[in-house]
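Structural overview
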Amino acid sequence: MDPFYFSERVRQASCRVLIDGNQGFDAVARLENSKDLIEWSSWDPAKPDPISVGEKGIVRDSGAATYFACKPTAHSGPSRGQYLELRIEVRASPDKNERQALPKLLKKFTAFAQKELKCT
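These remarks concern the structure in this document. Just so you know, these numbers come straight off a predicted model, no measurement behind them.

1. Here we look at the sheet that holds strand 4 (residues 56-60)
Adjacent strands of a sheet form backbone hydrogen bonds with each other and so pair up, either parallel or antiparallel. If you trace the six strands from one edge of the open sheet to the other, you get 1-2-6-5-4-3, paired in antiparallel fashion. Taken across any chain shown, the strands that pair with only one partner, and hence form the sheet edges, are strand 1 (12-19) and strand 3 (49-51). Adjacent strand axes in the sheet meet at a mean angle of 20°, parallel and antiparallel pairs treated alike. Of the pairings in the sheet, the one linking strand 4 to strand 5 (residues 63-69) comprises five bridges and is antiparallel in character. Residue pairing for strand 5: Gly-57 is matched across the bridge by Thr-66.

2. What to know about the pairing of strand 2 (residues 22-32)
Within strand 2, eight of the 11 residues are buried, which leaves it mostly tucked inside the rest of the structure. Across eight bridges, strand 1 lies against strand 2 in antiparallel orientation. When the bridges of strand 2 are listed, Leu-18 appears paired with Gln-23. Remark: two residues form the turn of the hairpin made by strand 1 and strand 2, two consecutive strands paired antiparallel; Asp-20 in that turn has positive phi of roughly 55°. The pairing of strand 2 with strand 6 (residues 83-89) spans seven bridges and is antiparallel. Its bridge partner lying in strand 6, Val-28 is registered against Arg-87.

The rules behind each value
- For every chain, the first residue of its written sequence is number 1, and the numbers climb from 1 along that sequence.
- Local features in this predicted model are restricted to residues of pLDDT 70 or higher, and side-chain atom pairs are both shown and tallied only at a pLDDT of 80 or more, whereas totals for entire chains, interfaces and linings draw on every residue.
- The side-chain figures draw on all heavy atoms in the structure; neither hydrogens nor water molecules are used.
- We treat two strands as partners when DSSP finds at least two bridges between them.
- Only DSSP runs of H or I with at least four residues qualify as helices, and only runs of E with at least two residues qualify as strands; both kinds are numbered from the N terminus onward.
- For helices, the fitted line uses only the C-alpha atoms of the stretch in contact; every axis is such a line through C-alpha atoms, and the angle between N-to-C directions lies from 0 to 180 degrees.
- Under the scheme applied here, a residue whose accessible area is under 20% of the maximum for its type counts as buried, over 50% as exposed, and between as partly exposed, the area being computed with a 1.4 Å probe on protein chains only.

Right under this line is the structure:
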């Protein structure tokens, strides 16, 4: 696997995770210079609930998001960002309760990102 790190030109990474050949979820990481640039108002109609993941987290029926301070160490690659936003998007289905499972998944995603990017 090639090493990954953010730079001035590469400020976002995303991937689609397939489960049993079907879409499971999309995961997005975006590096921002200020937490004021992290904006989730488009989720307001879904009535998100706050969750205790990262510095500020929210969950809705088909997604979850958080951000936290992340200044990668010198050994993790070039970066000038200060905050890492993480989002998970799923296709909500009426017969499943993704909203209950998303906080735990986002917590694992956050721990993985902090470790791999060596946030200080």
